[in-house]
Each structure stands twice: as C-alpha cells, then as structure tokens.
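# Coordinates in review
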Amino acid sequence: ASTDFEVGIEMKMDTSKLQSDFIRRLHAKHAEDDDFKDAADITKDVLIYHRGIGQATHKGLFPMEKVDLIIESLFYGALYLVMFLGSALLWLLNVPRHIKRIKAMLGKATDDDDSDQIEEVEPTDNNPKRRVFRHTLAQTLKHNWLMLFIPVELLEPTFKELIIVYREKTAHEHDHAQHVVPRIFIKSFCNIPIADFEIVLPAQKPLTRALDALKLVIVFVGAMAYLFQQIEEQLAVDDDRELEDVLADMWPVLMGTFTYIAKIIMQWMNAQKKYQTMITKYLYEKTHVNGKGLYTYIMDSILQQEIKESIIAYYFIWQQTAQTCAELDDECETFLAQVEEDVDFEASDALNKLQKEDFVRYEAPLTLSTQLYFLSITRCIAKLNESVASFHEDKDRPCPYCSIMEA
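Residues numbered from 1 in each chain as written. Predicted model: local features only at pLDDT ≥ 70, side-chain atom pairs only at ≥ 80, totals over all residues. Heavy atoms only, no water.

### A closer look at the overall build of the protein
The cut-off we apply is this: Helix and strand assignments come from DSSP, with helices taken as H or I runs of at least 4 residues and strands as E runs of at least 2, each series counted from the N terminus. Relative accessibility under 20% of the residue-type maximum defines a buried residue, over 50% an exposed one, and the middle range a partly exposed one, all with a 1.4 Å probe and only protein chains included. Residue contacts are defined here by distance: any two heavy atoms, one from each residue, within 4.5 Å place the two residues in contact. Computed with the Shrake-Rupley method and a 1.4 Å probe, the accessible areas treat only the protein chains shown as cover for residues.
Secondary structure summary: the protein contains 14 helices and 10 strands in total. Out of the 407 residues in the protein, the part that is buried amounts to 32%. Across the protein, the fraction of contacts at a sequence separation of at least 24, relative to all contacts at a separation of at least 6, is 68%. Of the roughly 26300 Å² of accessible surface on the protein, 58% is carried by carbon and sulfur atoms.

What follows is the structure in structure tokens.
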C-alpha cells in the first residue's frame, strides 16, 4: 500500500478520465496468456512495464506516524476484543454460521498484518549478490518499541526503471465530432519505490483513509453520547442547575474531543500538501526521460538489448561450450541467472540475428539439436568495422543495425 513508505496517503485512479479501450482489446486478445490472466486489475486501464530492482531508504523520526500507529494498535486491539466477545456470545447462542464468518474476518486481518513483515531475499549459489529488504515503520516498532524515541530508517525495494502507457479522454467537443483519437502517453521513471508507485500513475486523487473516517465517527458519537448522558444525570440530580453550568463542567471533554477531530482533519490536509510535494519531487527527480526523447530512449534500449543478446549467444558458441541450440539456451540462462532469476533466453532469436550477419551458420530448419558453426572473432570484428565504416562513407548504405532490429 502507498501508506507504507514516503507518500503516507491512500490514492485512487480516476478511470473515468482515461480512454482504455485499446488496453482492454489487448487483454481480450491475449485472454489465454498466463501473463494476462494473472495481471492486476489496474493493468486494464494503464500498461505498466518495469525492470530492475533497487533499494530506497527513508530516514526520520516520524513522530505523527508513530502516534498514528499507537492509536491504530489500540483501536484494532479494542476491535478484536469486541469481535472476540461477540463470537463468544454467538457461540453461547449456538450460531455456527456467524462464528465462521467472524473467524474468516479475523483470519483475513491476521493475513493483512503478516503482509507488513520484513521481506528479505536471501542470496543463493546462483545469485550471490541479489539482496533486497523491506523495513516498514510498523514492523520496526513491532520488533523494538524503543524506536519510538529515536530516528528510524525505512527500507523499500524500488523499480529501477518504470514505464507507463495510457490514453486520456479528450475534453474537446470538436475532437469528438471529428472522431479524433486521443494520443497515447508514454512516461518513464527511475528508482520508484514499489510501495509508492501509484503516485506516478495518471488521474490519481488522494483519498481519506477509512480508518480516519471511522475514528471521526466513533469519537464524535462517543463524545456526544457521553455528553448527553452526563447532562441528563446532572439535571436529574439537581433540577435547579442551569444547562450552562453543566456544559462548563463538561468543557474539558468537549475540548479534548474537538482537538482530536481537528488533529485528524489537519493531518489529512497536511497529507494533501505532502501529496502535491511528492508529485513535484517525482516529476523533477525521478522522471527518466519524457516527450519525444522517450521514443528515442526506448528504441535505443531495444537495440542495446538485442545486441547484448547476440553477444552473449556468440560468446558461448565461440567458447565451444554450446554446440547445439539446446546447449546454448541452457548456458545463456545459467549465466544470466547470476544477475537475474528466472530468465527465459530466446536462443533461436539470437541465432537468427547472428546468422543474418553471417557470424554463425547452421542448417535450416533450426531445432534444439541443430549443430552451430561460428565465424572467428577476428573476422567478425573486421566485418563489423567494415560495415560501420561503409555506413558513414556511403549515404545510400542501409544502417548496419537494421538487420538486428528486424530479426
């Protein structure tokens, strides 16, 4: 949730401002694909691409957040006590259906608490350097209550690169009349905390937390009930006593109630200001590239990815550790597992690129048992130098990377 790290407020995307028909058609077209079956509901309105995992830190004393955690702990403790007493009463009344429902609610609440536990990815033999942590404020205080009085450091995994694709609805009647299709927006960000990534999504609006609204209702109703009860008791004891005198005696209770209500309202208003500040920070500090430059960056990233894929494939063929397509696939995936888990290396795609440049030869059709033959690395370098030099000297010569991009 976005309340775990820097943002501190809940947000909701206003899907009425987005035109998501093209994304929904994409989901319908790939309805049987496992990647689309397991996709979150939000991906039906915004396409999200990310790669790379980093680590973000956030240091501070967090006094208001700590006070809120204490209040929430007391509130949930009282709620669990009421639910326990209610379940005991229902059990005495022999109502098993309600008991099962309450147990399910308690189980769900326990699962939600477990989701805030520290998450740590332990290093493995194939992946010795991969180590990511998540330390939330709630989990830190749960392990050591002394952290209430000293600054703490929060840790959160980040998306090293995050790209979002969406289309906004047009607001001009002329565009509707002319059937003008709204343009697609592509935005790129870097080092976005996973818990706060909603802030970079389009059409976001901050929400009042349900717990804060419930606090206001409970405090107000409880204070009013206590006030009317005291007024009735005081007037019943002394009929001659004025209502103003009774209210004067109850003034501390009223002041405490309205102070707490004002505190919650001011806290929400401060969260709104913090949200605007975070928006500005993310736009200026974490925007990777924008506008037309983003298209160039994406194309360059694709080109680099294709070239790296070809280099890795050629290396293992050149070292003669992979003599068939199946062996090449296994060698490349084992090598890439050192930096990233669960990599599906497309050996056939890399071989097609190398064959077009005549760096690798094999007999068609390409199968898992196809024997691979390579051109010496000296001749490969000579061919690359000649291709690049000719490209700069002859304006009519096609780009030397075109064959790689088309493969």
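### Focus on a negative patch on the surface
Note the cut-off: Each patch is assembled from residues with relative accessible area greater than 30% and no salt bridge, linking like charges that lie within 9 Å and nonpolar side chains (Val, Leu, Ile, Met, Phe, Trp, Tyr) that lie within 5 Å. Here a salt bridge means any side-chain nitrogen of Lys or Arg lying within 4 Å of a carboxyl oxygen belonging to Asp or Glu. We score Asp and Glu as negative and Lys and Arg as positive, and we do not count His or the chain ends. For charged residues, the charge sits on one atom: NZ in Lys, CZ in Arg, CG in Asp, CD in Glu.
Together, D33, D34, D35 and D38 give the surface a local cluster of negative charge. Looking at D38, the relative accessible area reads 68%, which means it is exposed.

### Things to note about helix α9 (residues 251-285)
What counts here: In this scheme, a helix's expected span is set at 1.5 Å multiplied by one less than its residue total.
Taking 1.5 Å as the rise per residue, α9 with 35 residues should run 51 Å; its terminal C-alpha atoms sit 49 Å apart, in good agreement. The complete set of buried residues in α9 reads L254, T257, I261, I264, A271, Y275, M278 and Y282.

### A short note on the nonpolar core
So the rule is basically this: Here the nonpolar core consists of buried residues drawn from Ala, Val, Leu, Ile, Met, Phe, Trp, Tyr and Cys, with membership extended through side-chain atoms lying within 4.5 Å.
Residues L328, F345, L351 and V360 are the most contacted members of the largest nonpolar core, which totals 21 residues. Where this core is concerned, the elements lending two or more residues are α10 (292-318), α11 (325-336) and α12 (347-356). The dominant element in this core, judged by the number of residues it contributes, is α10, at 5 residues. Apart from residues no more than four positions distant in its own chain, V360 is found in contact with Y314, I317, L351, L354, Q355, Y373 and F374.

### Section: unusual backbone geometry
With an omega of 0°, the peptide bond running from A364 to P365 counts as cis. Its identity is not glycine, yet F62 carries a phi of approximately 50°, on the positive side. Within the secondary structure layout, F62 lies in the loop between β2 (47-60) and α3 (63-92). At N191, a residue that is not glycine, the phi angle is positive and equals roughly 55°. If you trace the backbone, N191 turns up in strand β6 (residues 184-193).

### Side note on the packing of α11 against α12
Angle between the axes and distance between the axes: these two values describe a pair of packed helices. Here is the rule: A fitted line through C-alpha atoms serves as each axis, taken over the contacting stretch for helices, and the angle formed by two N-to-C directions is quoted from 0 to 180°. Each angle receives one of four descriptions, namely roughly parallel if under 35 degrees, roughly antiparallel if over 145, roughly perpendicular if within 65 to 115, and oblique otherwise. Helix crossings fall into two classes, left-handed where the near helix is turned counterclockwise from the far one by less than a right angle and right-handed where it is turned clockwise. When residues are grouped by polarity, Ala, Val, Leu, Ile, Met, Phe, Trp, Tyr, Cys and Pro land in nonpolar, Asp, Glu, Lys and Arg in charged, and all others, Gly among them, in polar.
With their axes 9 Å apart at the nearest point, α11 and α12 run at an angle of 110° to one another. Classified by the angle between their axes, α11 and α12 sit roughly perpendicular to one another. Both α11 and α12 take part in a crossing whose hand is right-handed. From α11, C325, L328 and D329 reach across to α12, where they touch A347, S348 and L351. Considered class by class, the residues forming the contact of α11 with α12 number 4 nonpolar, 1 polar and 1 charged.

Geometry only, nothing functional implied.
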